[in-house]
Amino acid sequence: MRRLNRKRALSLVKELDAFPKVPESYVETSAFGGAVSLTVFASMALLTVLEFFVYQDTWMKYEYEVDKDFSSKLRINIDITVAMECQMVGADVLDRANTMVSLTELRYEPVNFELNPWQRFWQKTLLQSQSKLREEQSLQHVLFRDAVKEFLFPPVLRSDSLSGSLNACRILGHFYVNKVEGNLHFTLGKAVHYSGGHAHFGSLLTNNVQNFSHRIDHLSFGEVVPGRINPLDATEKITLEREQRFQYFVTIVPTKLRTSELSIDTHQYSVTEQEQVINHTSGSHGASGIFVKYKLNPLMVRVTEEHMPIGKFLVRLSGIIGGIFSTSDLLHRLVGLFVDIVCCRFNLGALRPRQVSYNAMTDYHSHKEHI
């Protein structure tokens, strides 16, 4: 009874077979068909490998939302070299809420303003990378995605040198300010704070010591992203004027970066520059120095690394295999039909019946009458 049920089940399964079976005696092999089969299998293998590389690749997804975080502090990272001695220059922050921040966290290091050949090479490399980022924004996706890879780490440019006089001051470090519009400035003399404002000891110094030629090796906001190239990195300004004002107007965009290897809250920014020579006799008034005026954008950018789902990868792979099989079979049949048509045209003369000549027929009848 069990055997009978098994035979019935097996016969039912065989009846459901929708794939036709051709006996091997009906199949004719050829060298052309073998060549087509090898080409098909090679194409399938190549496209499968390429599709696997596409599956491993990722892309960055950008989403925008309102930044509702107003209570936290904004971190500012700075590494700047000013062509003056450290005791002659001071740095502080004054925000829109009239809050003065004394930057005691910053370090002042006497250095040589000139760069050695290796440091100059890296400065040119960063400037070239920035120009490419302005021309092709898609490079930004690569920097975000590969932020933790070592080959993207630009070395920190140092302004010190083994030879030469220490004629400049390197100011570096990080500090925290309120998330409101503010002004980070480097001016002549140390800052002195008092109730209702602040002042600098610049009035006690002579103008001969002023030289606000500077180089910004690094300026970023928020947590430092490894491999990230900021708009003001490697910026260098040289002036021969004693009293000159350099202004950088920075617009900061809060950014949350989420990748497979990194989860960090940072900030991007755009910048415009302005230079002005201070000459009170010609009507150009103001304070000389380096001013970084920043403001925050109310919108926040969320950057997320996306990956192709495994289901979509399998569907694309099945489409590649099935499409190649169908297309190759169709092309094989069309080429075979074309070859048969051409060959039949050339062989028409061989298929026509031969005509018997008149002389041959006469000889045949004469021979018959003689018999």
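A short tour of the structure in this document, coming up.

Parameters and conventions
- Counting restarts for each chain, with residues numbered from 1 along the sequence as it is written.
- In keeping with the predicted nature of the model, local features appear solely for residues at pLDDT of at least 70, side-chain atom pairs appear and are counted solely at 80 or more, and the whole-chain, interface and lining totals rest on all residues.
- Side-chain measures here rest on the full set of heavy atoms in the structure, leaving out hydrogens and waters.
- To qualify as a helix, a DSSP run of H or I must reach at least 4 residues; to qualify as a strand, a run of E must reach at least 2; elements of each kind are numbered from the N terminus.
- Whether two residues touch is decided by their heavy atoms; if any such pair falls within 4.5 Å, the residues are in contact.
- Surface accessibility follows the Shrake-Rupley procedure with a 1.4 Å probe radius. Residue values consider only the protein chains on display as shielding.
- Under the scheme applied here, a residue whose accessible area is under 20% of the maximum for its type counts as buried, over 50% as exposed, and between as partly exposed, the area being computed with a 1.4 Å probe on protein chains only.
- Polar contacts here mean pairs of N or O atoms no more than 3.5 Å apart (in protein, one a potential hydrogen donor and the other a potential acceptor; neighbouring residues in sequence count only if both atoms are side-chain atoms).
- Only rings of Phe, Tyr and Trp enter the pairing, Trp through its six-membered ring, and a pair is recorded when the two centres are within 6.5 Å. The plane angle decides the type: under 30 degrees is stacked, over 60 is edge-to-face, the rest tilted.
- Ring-over charges, as used throughout, are those where CZ of Arg or NZ of Lys falls within 6 Å of the ring centre and within 35 degrees of the ring normal.
- Two strands qualify as a pair provided DSSP detects at least 2 bridges between them.
- The term salt bridge refers to a pairing of a side-chain nitrogen on Lys or Arg with a carboxyl oxygen on Asp or Glu at a separation within 4 Å.
- What makes a nonpolar core is a set of buried Ala, Val, Leu, Ile, Met, Phe, Trp, Tyr and Cys residues whose side-chain atoms join them at distances within 4.5 Å.
- Two cysteine sulfur atoms form a disulfide, by the criterion used here, when they sit within 2.5 Å.

## Considerations on the overall build of the protein chain
Here comes step 1: For the protein chain, the count of helices and strands is seven helices and 15 strands.
Here comes step 2: Across the protein chain, every contact between residues at least 6 apart in sequence was considered, and the portion connecting residues at least 24 apart equals 81%.
Here comes step 3: Summed over its atoms, the accessible surface of the protein chain is roughly 24100 Å², and 60% of this surface lies on carbon and sulfur atoms.

## What about the environment of Arg-302?
Here comes step 1: Relative to the helices and strands, Arg-302 resides in strand β15 (residues 299–307).
Here comes step 2: Residue classification places Arg-302 among the partly exposed residues on the basis of a relative accessible area of 22%.
Here comes step 3: Expressed as a C-alpha distance, the spacing of Arg-302 and Pro-254, which sit 48 residues apart in the sequence, is 8.5 Å.
Here comes step 4: Residues within four places of Arg-302 in sequence aside, it is in contact with Lys-61, Tyr-62, Glu-63, Glu-65 and Lys-256.
Here comes step 5: A polar contact of 3.2 Å, which involves the side chain of Arg-302, links it to the side chain of Glu-65.

## A look at the packing of aromatic side chains
Here comes step 1: Evaluation of the coordinates by the stated rule reveals seven aromatic pairs.
Here comes step 2: Aromatic side chains Phe-221 and Tyr-294 sit 6.2 Å apart centroid to centroid with 50° between the ring planes, which places their arrangement in the tilted category. Highlighted residues: Phe-221 in strand β10 (residues 214–222) and Tyr-294 in strand β14 (residues 289–296), separated in sequence by 73 residues.
Here comes step 3: Classification of Tyr-294 as buried rests on a relative accessible area of 1%.
Here comes step 4: Taken together, the ring pairs connect Phe-52, Tyr-55 and Phe-313 into an aromatic cluster.
Here comes step 5: Between the NZ or CZ atom of Arg-215 and the centre of the ring of Phe-113, over which it lies, the distance is 4.6 Å.

## With respect to the pairing of strand β2 (residues 73–82)
Here comes step 1: Taken across its 10 residues, β2 has nine buried, putting it largely inside the fold.
Here comes step 2: Sheet analysis places β2 next to strand β6 (residues 168–178), joined by 10 bridges and oriented antiparallel. Residue Asn-77 lies in a different strand from β6, and its bridge partner there is His-174.
Here comes step 3: The pairing of β2 with β10 spans seven bridges and is antiparallel. If you follow Ile-78 over to β10, its bridge partner there is Leu-219.

## Considering the pattern of salt bridges
Here comes step 1: Inspection of the entire model under this criterion finds 15 salt bridges.
Here comes step 2: Arg-316 serves as the salt-bridge partner of Glu-51, at 2.4 Å between the closest nitrogen and oxygen. Within this pair, whereas Glu-51 is found in helix α2 (residues 31–56), its partner Arg-316 is found in helix α5 (residues 310–346), the two being separated by 265 residues in sequence.
Here comes step 3: Note on Glu-51: relative accessible area 6%, which makes it buried.
Here comes step 4: For the salt bridge of Glu-65 with Arg-302, the shortest nitrogen-to-oxygen distance reads 3.2 Å. On the criterion of sequence distance, the pair formed by Glu-65 in strand β1 (residues 58–66) and Arg-302 in strand β15 is long-range, its members being 237 residues apart.
Here comes step 5: By relative accessible area, Glu-65 is classed as partly exposed at 30%.
Here comes step 6: Because the salt bridges share partners, they merge into one network encompassing Asp-79, Arg-107, Glu-109 and Arg-170.

## Here we look at the side chain of Arg-215
Here comes step 1: Inspection of the secondary structure puts Arg-215 in strand β10.
Here comes step 2: Within polar-contact distance, the side chain of Arg-215 engages the side chain of Glu-236 at 2.7 Å.

## What about the nonpolar core?
Here comes step 1: The biggest cluster of nonpolar side chains holds 34 residues, and the ones touching the most others in it are Phe-175, Phe-186, Leu-219, Phe-221 and Tyr-294.
Here comes step 2: Elements with a minimum of two residues in this core: β2, β3 (89–95), β6, β7 (182–188), β10, β12 (244–258) and β14.
Here comes step 3: With five residues, β2 is the largest single contributor of residues to this core.
Here comes step 4: Dropping the residues within four chain positions of it, Phe-175 is found in contact with Leu-74, Arg-75, Ile-76, Ile-78, Val-93, Leu-103, Glu-105, Leu-106 and Leu-184.
Here comes step 5: By size, the runner-up hydrophobic cluster in this structure holds eight residues, among which are Val-225, Leu-257, Ile-264 and Val-303.

## Remarks on unusual backbone geometry
Here comes step 1: Notably, Ala-234 is not glycine yet its phi reads approximately 70°, a positive angle.
Here comes step 2: A relative accessible area of 1% places Ala-234 in the buried class.

## Quick look at the side chain of Arg-75
Here comes step 1: Counting through the fold element by element, Arg-75 comes out in strand β2.
Here comes step 2: Side-chain polar atoms of Arg-75 contact the side chain of Asn-77, separated by 2.7 Å.
Here comes step 3: With near-sequence residues (within four places) excluded, Arg-75 lies in contact with His-174, Phe-175, Tyr-176, Ser-220, Phe-221, Gly-222, Glu-223 and Val-224.

## Topic: the state of the cysteines
Here comes step 1: What the rule picks out here adds up to one disulfide.
Here comes step 2: Here Cys-86 connects covalently by a disulfide to Cys-169, the sulfurs 2.3 Å from one another. The chirality of the disulfide connecting Cys-86 with Cys-169 is right-handed, given an S-S dihedral of about 105°. Placement of the pair is Cys-86 in the loop between β2 and β3 and Cys-169 in strand β6, with a sequence separation of 83 residues. Neither residue differs from the other here; Cys-86 and Cys-169 are each classed as buried.

By themselves, these are just geometric observations and shouldn't be taken as functional.
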